[in-house]
Amino acid sequence: MDADWVLIGPYLPIGEYGPYPERLRQQFEGVIRRFRTGGQWREMPKEFGAWSTVSNRFRQWRDAGAFEALMEGVIAR
């Protein structure tokens, strides 16, 4: 596990039946790629999983405040 994931992982909530950790990282990287490239969700490469799953995961994290918590954690470090 690399240093970046050790910092990011704890801020991403995993639901009761949520994804396996490797899929969680894949989905997070898909969200980052989508905003870095400015592309549409439907254009997401399959390596990140189904575009609809990644999009739904982004909305769940957004609504749970995961990105704000992550930013605060990064600033605190």
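One can find the structure itself at the top, above this paragraph.
Just so it is clear, the structure is predicted and the values come from calculations on it, not from any experiment.

### Overview of helix α3 (residues 51-64)
So, step 1. The end-to-end C-alpha distance of α3, which contains 14 residues, comes to 20 Å, matching closely the 20 Å that a straight helix rising 1.5 Å per residue would cover.
So, step 2. The complete set of buried residues in α3 reads V54, S55, R57, F58 and W61. Taken around the axis of α3, the buried residues stretch over an arc of 160°, which confines them to a single face. Exposed side chains of α3 directed beyond 90 degrees from the buried face belong to D63 and A64.
So, step 3. G65 occupies a position one or two residues after α3 and carries a positive phi of about 80°.

### Re the pattern of salt bridges
So, step 1. If you walk through the whole model with that rule in mind, you get two salt bridges.
So, step 2. The closest approach of N and O atoms between R25 and E29, which form a salt bridge, is 2.9 Å. Of this pair, R25 and E29 both sit in helix α2 (residues 21-37), four residues apart, roughly one helical turn.
So, step 3. In this structure R25 comes out as partly exposed when scored by relative accessible area, which is 25%.
So, step 4. Taking relative accessible area as the criterion, E29 reaches 36% and is therefore assigned partly exposed.

### Considerations on helix α4 (residues 66-76)
So, step 1. Taken residue by residue, α4 has A66, L70 and G73 as its buried positions. The buried residues of α4 occupy an angular sector of 65° when the element is viewed end-on, so they sit on one face. Across α4 from its buried face, at more than 90 degrees, point the exposed residues E72, I75 and A76.

### Points about the packing of aromatic side chains
So, step 1. Inspection of every chain in the model, using the stated rule, returns six aromatic pairs.
So, step 2. Consider the rings of F35 and F58, whose centres lie 5.2 Å apart with planes at 50°: the pair is tilted. Of this pair, F35 sits in helix α2 while F58 sits in helix α3, and the two are 23 residues apart along the sequence.
So, step 3. Residue class for F58 comes out buried when judged on its relative accessible area of 15%.
So, step 4. On the numbers, 5.8 Å between centres and 35° between planes, the contact of W41 with F58 is tilted. With W41 in the loop between α2 and α3 and F58 in helix α3, the pair connects residues that are 17 residues apart, well separated along the chain. Each member of the pair W41 and F58 is classed as buried.
So, step 5. Among the aromatic residues, those joined into a cluster by ring pairs are F28, F35, W41, F58, W61 and F67.

About the criteria used
- Residues numbered from 1 in each chain as written.
- Predicted model: local features only at pLDDT ≥ 70, side-chain atom pairs only at ≥ 80, totals over all residues.
- Heavy atoms only, no water.
- Helix = DSSP H or I, 4+ residues; strand = E, 2+ residues; numbered from the N terminus.
- Expected span 1.5 Å × (residues − 1).
- Buried < 20%, exposed > 50% of the residue type's maximum accessible area, 1.4 Å probe, protein only.
- Arc of directions from axis to C-beta.
- Salt bridge = Lys/Arg side-chain N within 4 Å of Asp/Glu carboxyl O.
- Phe/Tyr/Trp six-rings, centres within 6.5 Å; stacked < 30°, edge-to-face > 60°.

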